[in-house]
2 protein chains.
Amino acid sequence: MASFALGWCEADGTPVTGGGGKGVRQALAVLGAEAVGAAGDEGVVAAVAVELVHTFSLTHDDVMDGDERRRHRESAWRAYGTGPAVLAGDALFALAVETLARHGGGHTGAAVARLAGSLRELVRGQADDLLFEERPWTGAAAVRPAEYEAMAAGKTGSLLACALTLGPVLADAPPPVVEALGEAGRQLGAAFQAVDDLLGIWGDPGTTGKPVHGDLVRGKKTFPVLAALAADGPAARELAALLSPGIPLDAVSARRAAGLVEAAGGRNAALAEARSRVAAARECLYGVPLAPRTVDELVALTGFLVDRRL
Amino acid sequence: MASFALGWCEADGTPVTGGGGKGVRQALAVLGAEAVGAAGDEGVVAAVAVELVHTFSLTHDDVMDGDERRRHRESAWRAYGTGPAVLAGDALFALAVETLARHGGGHTGAAVARLAGSLRELVRGQADDLLFEERPWTGAAAVRPAEYEAMAAGKTGSLLACALTLGPVLADAPPPVVEALGEAGRQLGAAFQAVDDLLGIWGDPGTTGKPVHGDLVRGKKTFPVLAALAADGPAARELAALLSPGIPLDAVSARRAAGLVEAAGGRNAALAEARSRVAAARECLYGVPLAPRTVDELVALTGFLVDRRL
C-alpha cells in the first residue's frame, strides 16, 4: 500500500515507473541543504522524511475528502479500503519520523521537532479546510481572507517551509538563515496553494487527474472564488447570488460559477497572488548568505511552481 | 476531539472526570525511568509521549475495526465522523513525537527513533490483526500460533516495551538494562493481549464497554480460540465444525462457541499463557540492577495486568 501511495506500483503490486508526484518537496529539501553547504546525506534524509510525510498526508486527505482519484489512479482508500489506507498512512508517518530520528547527530531532536511541528500545523490546516466547506460563501459566517490565509499556511506552507529548513537544521546552520529559508517556504506555500486553487477550477482533468470544477462542486473555499466575491461589480454580485443559497452546484451551475469567478477577476487575482508570493520567497533567498548557484536553482524551481500546468 | 479521545470531555466539550483508560502505559513509563534513576521529567515526557501514541492508535483502530464503543462511550469516529477522527489521531501522533523531540538532551534522537519504531511495529501488528479476520479458522490457510504471537508482539508488546524503555534511553541507561526492560515489556504485552482476548469473549460488557462475545462474532483470531482448536477432544472438534464454514456467528452460535472454547481448555490456556508471560517479565526485571523499590511496584503492576476484571 505504501508503494502504491508513493506511485511505485499498481494496487496489485505490479511495478510502474513515472507515476509519482512532482517531487517539489524533495527538490526543496535537497536544495535547502545544499544552500547552506550541508552534507549530501543531510539533504537526502530531509527529502525522504518530507516526502514520506507528504505521501502520508495525501493518503489520509483522500480518505477525509472522499477523493476517489489521485495522480491519474484510484486513491489508496478506493484501492484498498478506508481502514487499510488509514493504516498505510500511519506507517508512512512512522517511517518518516524514524528515518529522520535515526540519522543521528546532535541536531536530530531539533529536526524531528520541526518535522512534527509542521505536521501539527498541516493537520490544523487540513481540519480548517474541511470545516470551511461547511461554512457559507456569503454573510457573517463566511470564511474571511485571513482565515483562508492561515488555513493555506498550515495545509501547504508548513511542509514546504519544513522541506527547505530540515537539512539546514541538521547541519546547524545559523538561525537567521534557517528563518529566511522557512519564510521562503511559507511564501512558496501560499503561491503553491493559489495555483492549486486555480487548477482545482480550471485545470485540465487530463493533467491534474481530478474532475473539472471539482472544488466548486464541493464548496471548497478557494482563493479565486473568495477574491471574486470580494470584488465589486455585476459578476461578483451574480456569483454571490448563485453561491449564497449553499446548495450543491450541478455541472451546469459550476461552469457558470467558474465563468463568473473569472469575469469578477478572481482568476487573475489568484495568479497575481501566486506571482507576488514567489517574488517574496525570492527576496527571502537573496537576503541571507546562501550558495549562489543553489539559489539560482531554487529560483528556477519557484518559477515552475507558478507556471506548472497553467 | 483529542480531549474526547483522551477521555477528558464529552463530544460536545463538557468536561468529565474519571473517563480515561487504565493508565498502564504511563505507569510503566514513569516506573521504567525511576527504575534506572532517571530524572523525573524523563519519565513524565516518556509517559506523555506513549499515552499520546496509545490514544492515537485507539482512535485509528476504532475507525479500522468499525468499533462503535470505546470506554463506555461512543468511539471518536462515531461522535465526529471518520475523516475528523483520522485527523484527530494524526494530530495526537504528531504531538507525541513533538513532545518527545522537544525534550532535548543528547539522547532525544534515539528516544524518538524508538517511539517511531514501536509505532511501525504496532501498525504492522494491527494490519495483521485485520488480515487475520479474513483468514479461516481451520485448514492450510489458518492462522498459525507463531503468526498470532508476532501479531500480538506488534500490536501490544511494542508499545509496552517502548513505555518501559523510553525514560531509560533518555537517561542513557546501560544497553543491557534497556534490553531487559524492553524484553519485560514485550512479555507483558503478550500477557496483556492474552487477557484482552479473554475479556473479548468472557468480559463483562458493563466493565469492558464492549459487546459480549464480540471477538467471536467478527472472526477475530484470539489466543483462547486458537488454543482450543489446537487441543484434541470432542469439544475442539465440535468447535472446529462450528467455525470452519467461515460464516458470521449469530448470538446463539457465539455463546455456543464460547462454551466450546472453554470446554476445550482455551480459556485456561490463555490464563496460563498470561501468568507465564508475567513470570517471564518479572525474571527480566530481577536479572539486571534496578532500583529495588521500583521493581516491587512494577511487579505489583504486572499482577494487576493479569487479574484486571477477570
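Overview of the structure. These numbers come from a predicted model, not from an experiment.

Rules used in this analysis
Residues numbered from 1 in each chain as written. Chains lettered and ligands numbered in written order. Predicted model: local features only at pLDDT ≥ 70, side-chain atom pairs only at ≥ 80, totals over all residues. Heavy atoms only, no water. Helix = DSSP H or I, 4+ residues; strand = E, 2+ residues; numbered from the N terminus. Rg over C-alpha atoms; globule rule 2.2 N^0.38 Å. Buried < 20%, exposed > 50% of the residue type's maximum accessible area, 1.4 Å probe, protein only. Contact = heavy atoms within 4.5 Å. Lys, Arg positive; Asp, Glu negative; His and termini not counted. Charge placed at Lys NZ, Arg CZ, Asp CG, Glu CD. Buried area = accessible area lost by both parts, 1.4 Å probe. Salt bridge = Lys/Arg side-chain N within 4 Å of Asp/Glu carboxyl O. Polar contact = N/O pair within 3.5 Å; in protein donor to acceptor, adjacent residues only side chain to side chain. Nonpolar A, V, L, I, M, F, W, Y, C, P; charged D, E, K, R; others polar. Least-squares fit on C-alpha atoms with pLDDT ≥ 70 in both. Axes fitted to C-alpha atoms, helices over the stretch in contact; angles between N-to-C directions. Parallel < 35°, antiparallel > 145°, perpendicular 65-115°, else oblique. Left-handed = near helix turned anticlockwise from the far one by under 90°. Phe/Tyr/Trp six-rings, centres within 6.5 Å; stacked < 30°, edge-to-face > 60°.

So, about the overall build of chain A. A tally of regular secondary structure across chain A gives 15 helices and two strands. A compact globule built from 310 residues should have a C-alpha radius of gyration of about 19 Å, and chain A, at 20 Å, falls within 12% of that. C-alpha extents for chain A along the principal axes are approximately 60 × 50 × 35 Å. Burial analysis of chain A (310 residues in total) assigns 55% to the buried set. In chain A, the share of contacts with a sequence separation of at least 24, taken over all contacts with a separation of at least 6, comes to 72%. Placing the 29 positive and 37 negative side-chain charges of chain A at their respective mean positions leaves the two points 3 Å apart.

Turning our eyes to something else, we now look at the interface of chain B and chain A. Residue-level contacts link 28 residues of chain B with 28 residues of chain A. Together chain B and chain A conceal approximately 2,300 Å² of surface at their shared face, both sides included; 80% is due to carbon and sulfur atoms. Remark: the boundary between chain B and chain A carries two salt bridges. The partner of R120(A) in a salt bridge is E98(B), and the shortest N-O contact between them spans 2.6 Å. Counting across the interface, chain B meets chain A through four residue pairs in polar contact (both at pLDDT 80 or more). Of all the secondary-structure elements, those providing two or more residues to the side of chain B that touches chain A are α3 (40-65), α5 (82-101) and α6 (108-134) of chain B. Among the residues making up the side of chain B that touches chain A, the classes are represented as 17 nonpolar, seven polar and four charged.

For the rest of this paragraph, the subject is the relation of the copies chain B and chain A. In the superposition of chain B on chain A (RMSD 0.0 Å, axial shift 0.0 Å), the rotation amounts to 180°. In the structure described here, the two chain copies are related by an operation that fits a two-fold rotation axis. The position closest to the rotation axis in chain B is occupied by the C-alpha of G109(B), lying 2.6 Å away. Both copies present the same face, since 100% of the interface residues in chain B are matched by interface residues at the equivalent positions in chain A.

Moving on: the packing of α3(B) against helix α7 (residues 145-170) of chain B. All names here are of chain B. Close contact between α3 and α7 brings their axes to 8 Å; oriented N to C, the two are set at 150°. The pairing of α3 with α7 is recorded here as roughly antiparallel in orientation. Both α3 and α7 take part in a crossing whose hand is right-handed. Packed against α3, whose contacting residues are E42, V45, A46, A49, V50, V53 and H54, the element α7 presents L159, C162, A163, L166, G167 and L170 at the interface. In the contact of α3 with α7, the residues fall into 10 nonpolar, two polar and one charged.

This next bit is on the side chain of K220(A). Residues and elements named next belong to chain A. Relative to the helices and strands, K220 resides in the loop between α10 (214-217) and α11 (223-230). K220 sits in the buried class, given a relative accessible area of 10%. At 2.9 Å, the side chain of K220 and the side chain of D129 are in polar contact. With residues up to four places along the chain from it excluded, the contact list for K220 reads D65, D129, E133, W137, K155 and D215.

Right, let's talk about the packing of aromatic side chains for a bit. Counted according to the given criterion, the structure contains seven aromatic pairs over all chains. A ring pair is formed by Y148(A) and F223(A), whose centres lie 5.8 Å apart and whose planes are at 65°; its orientation type is edge-to-face. Of the two residues, Y148(A) sits in helix α7 (residues 145-170) while F223(A) sits in helix α11, which places them 75 residues apart along the sequence. Aromatic side chains F56(B) and F93(B) sit 5.0 Å apart centroid to centroid with 15° between the ring planes, which places their arrangement in the stacked category.

Moving on, we come to unusual backbone geometry. At D172(A), a residue that is not glycine, the phi angle is positive and equals roughly 55°. Mapping D172(A) onto the fold places it in the loop between α7 and α8 (175-202).

The topology assignment puts E133(A) in helix α6 (residues 108-134). Beyond its immediate sequence surroundings of up to four residues, E133(A) is in contact with R218(A), G219(A), K220(A) and K221(A).

Looking now at the pattern of salt bridges. Residue and element names in this part refer to chain A. If you walk through the whole model with that rule in mind, you get 36 salt bridges over all chains. As a salt-bridge pair, E273 and R277 come within 2.9 Å of each other at their nearest N and O atoms. Remark: R277 and E273 occur in helix α14 (residues 266-286); sequence separation between them is four residues, near one turn of the helix. Overall, E273 belongs to the buried group, its relative accessible area being 19%. Using a relative accessible area of 15% as the deciding quantity, one classes R277 as buried. Each of D67, D129, E133, K155, R218 and K220 takes part in one network of salt bridges that share partners.

To continue, consider the environment of D128(B). Mapped onto the elements, D128(B) comes out in helix α6. For the pair D128(B) and M151(B), spaced 23 residues apart in sequence, the C-alpha to C-alpha distance is 6.0 Å.

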